[in-house]
Amino acid sequence: RVVSRRLACGDVEGRLEAIFGRVRAIQAKSGRFDMLLCVGNFFGSTSEAEWAEYRTGAKKAPIPTYVLGANNQDTLSYFPDVSGCELAENITYLGRRGVYSGCSGLQIAYLSGTEAQEQPAPAHSFSAKDVAELKTSLLSTPNFRGVDILLTSPWPRDVGTFANSAGEIDTKKCGSKLVSDLAASLKPRYHFAALEKAYYERLPYRNHMVLQETPQHVTRFIALADVGNTSKKKYLYAFSIVPMSAMDPAELVKQPQDVTENPYRKLKKEAPKSKGPLCAEEEPACQFFFDLNKHQGKKRPSDGKERGVTQPKQAKKPPQPTGPCWFCLASPEVEKHLVVSIGTHCYLALAKGGLSPDHVLILPIGHYQSVVDLSSEVLEEVTKYKAALKEFFRSKGKRYVLFERNYRSQHLQLQVVPIPLDLCTSEDIKEAFIAQAQEQQIELLEIPEHSDIAQVAQPGTPYFYVELDTGEKLFHRIRGRFPLQFGRFVLASEALLAQPQRADWRQCAAQRPEEEAQARAFRRDFEPFDFSLRD
């Protein structure tokens, strides 16, 4: 493997003798480095005398040096070609924006200048268009995973979120939102910035949502101080790096113990909103077996009934939804070809994009939000379906895992996923859920086998619970945010089904003819166990 030894430095501000003298000293002690990457202001107001010696060739930089462009009007004249050029022997201006790829395969993305505060953007600034074009040039490449290094002069806004303190720098006000957007998209392994005359090495952060996305490499953000500063703040950073393209994928995505959440999560969540927003409090219903694409998840008018008006309780009838519910069987949006059994109070349907062809849902026909809210007769039929499914799956050499997420959903969905008996034990399943929960700092508690969920959760309480077909249960009371796909991602993990590629239901959705064939097969096989056909 090709290991590259690099140096990065903050604002040089024309102090060429100081930075190159320091580089010589480091190389004399530690051996040669491949290049020096300079962010921030390379030139300053008093650069001319020192610079003339390098520009004329009287002196030479001791290491190939790559610099970003001007951050103010005063230093624009030092950069004759906006697209990048050699400024002196061994000193190269990278250009306004782009990607530098060395012979080692290392990819370095760069963006010169500061964020424009006016339009058109001055020559020393970048605009949203510059950032968009740089992102597009990289994100459009096949199998893009990220870049090795990102160089910007400004800090990214909010980089300190979820992280160690940046000292006197207020990361909520400092820096550029456009740089944050760029970093969130390009997923650099190292991101260097300057301009704030401060040194800040942020804890590494993730580039994936745990349990919701495939693990990816981490990013290390390092802000460097100005060269020769009197406070002796760090301005030069040495590091070794193997190009991403040459790394073993498993090694690349290893997560250090001090890794934090991604500081730009909010940016990433807001990004899809322009593509047709979904109701903020609801999981897209098409994950299950309803197709909401034609409505983009927007709620329709609720037949003139005002929100918040409670309906009087009725002994036999389930509560009525305040608006249209896409999980009630009476909904015209139900894809009825996936319904495989209909009882008096409940029904079964294959999950759309299921973890397996026999991944099913138990749903009440009427509108109930959770198991805790079910009437006694509906609960009785849910229990009958669980017993029938246990017998059915055991006849096929499988055990089932059932889970419910009463959080950001308006209609009860009991997900029932079969797992081959010879693949893992019930203890293995419990351990997989608990291990993943601990990684997410989720308190997942085992509750007595014969206890009722209603004994530990009141109506309206957000919760997540897992039930094995042995009756063993794990329960979590949701008090803040909760990963919407927690149950699915645990089951798809290497510890259980070993099909991580199926963790995202969007990657598993089949065409309608295939869904119809799966439903027919399930109905045929389940018929001997289906009490609804005999009652």
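About the criteria used
- Residues numbered from 1 in each chain as written.
- Predicted model: local features only at pLDDT ≥ 70, side-chain atom pairs only at ≥ 80, totals over all residues.
- Heavy atoms only, no water.
- Helix = DSSP H or I, 4+ residues; strand = E, 2+ residues; numbered from the N terminus.
- Buried < 20%, exposed > 50% of the residue type's maximum accessible area, 1.4 Å probe, protein only.
- Contact = heavy atoms within 4.5 Å.
- Areas by Shrake-Rupley, 256 points an atom, 1.4 Å probe, with all protein chains shown as cover.
- Pairing = 2+ DSSP bridges.
- Axes fitted to C-alpha atoms, helices over the stretch in contact; angles between N-to-C directions.
- Parallel < 35°, antiparallel > 145°, perpendicular 65-115°, else oblique.
- Nonpolar A, V, L, I, M, F, W, Y, C, P; charged D, E, K, R; others polar.
- pLDDT = per-residue confidence, 0-100.
- Core = buried A, V, L, I, M, F, W, Y, C linked by side-chain atoms within 4.5 Å.
- Polar contact = N/O pair within 3.5 Å; in protein donor to acceptor, adjacent residues only side chain to side chain.
- Phe/Tyr/Trp six-rings, centres within 6.5 Å; stacked < 30°, edge-to-face > 60°.
- Salt bridge = Lys/Arg side-chain N within 4 Å of Asp/Glu carboxyl O.

(A) Inspection of the overall build of the chain at higher detail. Looking only at helices and strands, one finds 10 helices and 22 strands in the chain. Relative to its full complement of 535 residues, the chain shows a buried share of 53%. Within the chain, contacts between residues at least 6 apart in sequence are counted, and of these 72% link residues at least 24 apart. Here the chain has roughly 25,400 Å² of accessible surface; of this, 49% comes from carbon and sulfur atoms.

(B) Geometry of the sheet that holds strand β11 (residues 190-193). What the 6 strands build is an open sheet, ordered β6-β7-β10-β11-β13-β12; its pairing is mixed. The open sheet terminates on both sides in strands that have one partner only, identified here as β6 (97-101) and β12 (200-201). Bridge analysis of strand β10 (residues 149-152) against β11 gives 3 bridges, and the strand direction is parallel. Its bridge partner being in β11, leucine 150 is matched across the sheet by histidine 191. On the sheet, helix α4 (residues 177-186) packs against β7 (107-111), β10 and β11 and is oriented at approximately 170° with respect to β10.

(C) Layout of the packing of helix α1 (residues 16-30) against helix α2 (residues 48-55). Contact geometry of α1 with α2 gives a least axis separation of 9 Å together with a crossing angle of 55°. Accordingly, the angle class assigned to the pair α1 and α2 is oblique. On α2, the residues touching Leu16, Glu17, Phe20 and Arg24 of α1 are Glu50, Trp51 and Tyr54. Class assignment for the residues of the contact of α1 with α2 results in 4 nonpolar, no polar and 3 charged.

(D) Looking closely at the confidence of the model for the chain. Looking at the chain, pLDDT values average 86 and 87% of them are 70 or higher. For residues 272-316, every residue scores under 50 in pLDDT, and the model assigns this stretch 72 contacts once sequence neighbours within four places are set aside.

(E) Up close: the nonpolar core. Core analysis: the biggest nonpolar cluster contains 34 residues, and Ile362, Leu389 and Phe522 have the highest contact counts within it. Only β16 (346-350), β17 (360-364), α7 (376-395), β18 (398-406), β19 (414-420), β21 (463-468) and α10 (512-526) provide two or more residues apiece to this core. Broken down by element, the residue count for this core peaks at 7 residues, all from α7. Ignoring sequence-local partners within four residues, the contact set of leucine 389 consists of Leu348, Val360, Ile362, Tyr400, Val416, Phe522 and Phe526. Val23, Phe33, Phe43 and Ala225 belong to the second largest nonpolar core, which has 30 residues in total.

(F) Seen up close, the pairing of β17. Counting buried positions over the 5 residues of β17 gives 5, a clear majority of the element. Of the two faces of β17, the one carrying Val360, Ile362 and Pro364 and the one carrying Leu361 and Leu363 are both buried. Judged from the 5 bridges that link them, β16 and β17 form a sheet pairing that is antiparallel. Bridge pairing in β17 links cysteine 346 to proline 364. Direction of pairing for β17 relative to β19: antiparallel, over a ladder of 3 bridges. The residue of β19 that forms the bridge with valine 360 is valine 416.

(G) Expanded view of the side chain of serine 532. Turning to its location among the elements, serine 532 is positioned in the segment after α10. At 3.2 Å, the side chain of serine 532 and the side chain of serine 341 are in polar contact. Aside from chain neighbours lying at most four places away, what touches serine 532 is Ser341, Ile342, Gly343 and Tyr385.

(H) Structural view of the environment of histidine 217. For histidine 217, the location among the structural elements is in the loop between β12 and β13 (220-223). The class for histidine 217 is buried, based on a relative accessible area of 3%. The residues touching histidine 217, leaving out its near neighbours within four places in the chain, are Arg145, Gly146, Lys187, Pro188, Arg189, Asn207, Met244, Leu252 and Val253. At a separation of 2.7 Å, a polar atom in the side chain of histidine 217 contacts the main-chain carbonyl oxygen of lysine 187.

(I) Examining the packing of aromatic side chains more closely. Under the criterion given, the structure shown has 30 aromatic pairs. When the centroid spacing of 5.0 Å and the interplanar angle of 75° are considered together, the rings of phenylalanine 43 and tryptophan 51 count as edge-to-face. Comparing phenylalanine 43 with tryptophan 51, the two get one shared label, buried. One aromatic cluster is present, built from ring pairs that chain together Phe42, Phe43, Trp51, Tyr78, Phe79 and Tyr93.

(J) Quick peek at the pattern of salt bridges. Evaluated as defined, the whole model comprises 24 salt bridges. Each of the salt bridges in this network shares a partner with another, and the network as a whole consists of Arg96, Arg97, Lys129, Asp130 and Glu133.

(K) Main features of the environment of leucine 484. Tracing the backbone shows leucine 484 in the loop between β22 (473-477) and α9 (486-492). With relative accessibility at 21%, the residue leucine 484 sits in the partly exposed group. In this structure, the C-alpha to C-alpha distance between leucine 484 and tyrosine 407, residues 77 residues apart in sequence, is 8.0 Å.

(L) Layout of the packing of helix α3 (residues 128-139) against α4. Between α3 and α4, the least distance of the axes is 10 Å, while the angle of their chain directions is 5°. Between α3 and α4, the angle falls in the class roughly parallel. Contact residues: α3 offers Ala128, Val131, Leu134, Lys135, Leu138 and Leu139, while α4 offers Leu178, Asp181, Leu182, Ser185 and Leu186. When its residues are assigned to classes, the contact of α3 with α4 shows 8 nonpolar, 1 polar and 2 charged.

(M) Representation of the sheet that holds strand β5 (residues 91-93) in the model. One open sheet holds the 6 strands; their spatial order is β4-β5-β3-β2-β1-β14, and the pairing between them is mixed. The open sheet has two edge strands with one neighbour each: β4 (85-88) and β14 (236-241). Taking the axes of each pair of neighbouring strands and ignoring which way they run, one obtains an average angle of 25° across the sheet.

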